[in-house]
Amino acid sequence: MFNRILMVCVGNICRSPTAEILLHETLPRPAYQISSAGISALVGKGIEPTAHAILQTKGHATPEHHARQLSRDLLRSVDLVLTMEKRHVDHILRFAPEARGKVFLLGKWQKEREIDDPYRKGEAALQLAYKQILEGTLAWATRIKP
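On a predicted model such as this, the values are computed, not experimentally measured, just so you know.

S.K.: Even after reading the chapter, I still don't get the nonpolar core, so can you show me in this structure?
M.R.: Nonpolar side chains in soluble globular proteins tend to be buried together. Formed by 29 residues in total, the largest nonpolar core has its most connected members in Ile 5, Met 7, Leu 27, Leu 106 and Ile 133. Of all the elements in the fold, those that place two or more residues in this core are strand S1 (4-9), helix H1 (15-26), helix H2 (49-57), strand S3 (80-83) and helix H5 (123-144). The greatest single-element share of this core, amounting to seven residues, is contributed by H5. Residues in contact with Ile 133, not counting those within four places in the same chain, are Arg 15, Thr 18, Ala 19, Leu 22, Met 84, Leu 106 and Ile 115. Leu 6, Val 8, Leu 70 and Leu 93 belong to the second-largest nonpolar core, a separate cluster that totals 16 residues.

S.K.: I'm lost on the pattern of salt bridges in this one. Help?
M.R.: Where charged atoms from two side chains of opposite charge come close, those side chains can pair. Considering all chains together, one arrives at nine salt bridges under this definition. With a closest N to O distance of 2.6 Å, Asp 79 and Arg 4 form a salt bridge. Taken together, the residues span a long stretch of sequence, with Asp 79 in the loop between helix H3 (72-76) and S3 and Arg 4 in strand S1 at a distance of 75 residues. Within this structure, Arg 15, Glu 85, Arg 87 and Asp 117 form a network of salt bridges that share partners.

S.K.: Help me understand the sheet that holds strand S4 (residues 103-105), please; the structure alone is not making it clear to me.
M.R.: Pairing between the strands of a sheet comes from backbone hydrogen bonds, and it takes one of two forms, parallel or antiparallel. The strand order across the open sheet formed by four strands is S2-S1-S3-S4, and the pairing between neighbours is parallel. Only two strands of the sheet have a single partner each, and these edge strands are strand S2 (33-38) and S4. Here the average twist between neighbouring strands, direction ignored, is 25°. Strands in contact with helix H4 (residues 86-95) are S1, S3 and S4; relative to S4, the strand with the most contacts, it is inclined by about 170°.

S.K.: Looking at this model, I keep getting lost on the packing of aromatic side chains. Mind explaining?
M.R.: Given two aromatic rings, their pairing is described by the distance between the two centres and the angle made by the two planes. Counted according to the given criterion, the structure contains two aromatic pairs. For the ring pair Phe 104 and Trp 140, a centre distance of 5.8 Å and an interplane angle of 45° mean the geometry is tilted. Of this pair, Phe 104 sits in strand S4 while Trp 140 is found in helix H5, placing the two residues 36 residues apart along the sequence. Classification of Phe 104 by relative accessible area gives partly exposed; the value is 26%. For Trp 140, a relative accessible area of 4% translates into the label buried. Between Trp 109 and Trp 140, the ring centres sit 5.5 Å apart and the planes meet at 65°, which makes this aromatic pair edge-to-face. Of this pair, Trp 109 sits in the loop between S4 and H5 while Trp 140 sits in helix H5, and the two are 31 residues apart along the sequence. Arg 72 extends its terminal NZ or CZ atom over the ring of Phe 95, reaching a point 4.4 Å from the ring centre. Its guanidinium or amino end placed over the ring of Trp 109, Arg 143 lies 4.1 Å from that ring's centre, counting from NZ or CZ.

Cut-offs used in this document
Residues numbered from 1 in each chain as written. Predicted model: local features only at pLDDT ≥ 70, side-chain atom pairs only at ≥ 80, totals over all residues. Heavy atoms only, no water. Core = buried A, V, L, I, M, F, W, Y, C linked by side-chain atoms within 4.5 Å. Buried < 20%, exposed > 50% of the residue type's maximum accessible area, 1.4 Å probe, protein only. Helix = DSSP H or I, 4+ residues; strand = E, 2+ residues; numbered from the N terminus. Contact = heavy atoms within 4.5 Å. Salt bridge = Lys/Arg side-chain N within 4 Å of Asp/Glu carboxyl O. Pairing = 2+ DSSP bridges. Axes fitted to C-alpha atoms, helices over the stretch in contact; angles between N-to-C directions. Phe/Tyr/Trp six-rings, centres within 6.5 Å; stacked < 30°, edge-to-face > 60°. Lys NZ or Arg CZ within 6 Å of the ring centre and 35° of its normal.

What follows is the structure, encoded as structure tokens:
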């Protein structure tokens with residue numbers, strides 16, 4: 001069972017915190033612990049302002065967020081790691097080979113779809129990322145729930 005889930009992107013300010021929020025809304029608490037981190041996190045930064053505004057416009061709760069760096073300890077503490085791009089999977093498996101078997105793309109159920117980094121690419125890129133993240137989190141939630 002996947003009770004502790006980690007969402008991973010690069011900076012941990014756009015995609016992974018969005019995925020964390022969306023999956024939190026889909027899976028019941030406290031049964032599931034969902035968090036996020038970045039491969040090259042902008043440690044301490046909040047959610048990117050436009051990504052934050054999109055979440056609010058769509059009616060999602062936006063709790064305070066502080067970007068954090070991915071670590072081996074963090075990887076060991078979770079049951080499932082969902083990434084945005086194949087290169088994130090590759091990076092994690094080089095960094096922590098012991099994580100093999102629990103690292104997948106968020107877009108796995110959408111034909112292994114990658115979710116491109118929308119950072120500094122404008123609102124349209126962030127809207128597309130939001131849509132793809134929502135599809136990915138809903139697909140994973142249906143497979144995670146018992």
